[in-house]
Amino acid sequence: MGRDEIKESGVKSRESGLKRPEQVSIKEYSWIARIAAKKLKSSTVAIVIGNTIHLHNTTKSDFLLNERWVKHELCHIAQYKQYGTFNFIIMYLWETLKKGYYKNKFEEAARRAEIL
Ligand SMILES: [Zn+2]
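Residues numbered from 1 in each chain as written. Predicted model: local features only at pLDDT ≥ 70, side-chain atom pairs only at ≥ 80, totals over all residues.

Caption draft 1: Fine view of the sheet that holds strand S1 (residues 25-27). With mixed pairing, three strands are arranged side by side in an open sheet as S1-S3-S2. On the outer flanks of this sheet lie S1 and strand S2 (45-49), each paired with one strand and no other. Averaged over all neighbouring strand pairs, the angle between strand axes comes to 25°, with direction disregarded. With three bridges connecting them, S1 and strand S3 (residues 52-56) associate as parallel partners. Looking at S3, one finds that Lys-27 is bridged to His-54. Strands in contact with helix H2 (residues 31-40) are S2 and S3; relative to S2, the strand with the most contacts, it is inclined by about 120°. Seen against the sheet, helix H4 (residues 67-83) touches S2 and S3 and runs at an angle of roughly 20° to S2. (Pairing = 2+ DSSP bridges. Helix = DSSP H or I, 4+ residues; strand = E, 2+ residues; numbered from the N terminus. Axes fitted to C-alpha atoms, helices over the stretch in contact; angles between N-to-C directions. Contact = placed C-beta atoms within 7 Å.)

Okay, here's the thing in structure tokens:
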């Protein structure tokens, strides 16, 4: 393994947030996700707060079957870890106010993580 390869794999595991997956928890029937679903006008929702993925209108097993969706939410968990829960929520909301949900840089990163 060359020096560059080592660097690469380090970046990959950091970005995917999979370094310590045992710390992730999933909450079904979440009221937080229900409110987010109303705001986003979406029927099924997963929303991350800290290390917890909150689900609305989907089950834990259905969610876990959707690899892209799981990777997307794990990226958000990595973002929380990187910035800290409080800072990340402020930064995320600020980005959304400035650019809207879709062009929010944290959402763009999470969409890129879906196909890693
Ligand atoms: Zn997202």
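Now, onward.
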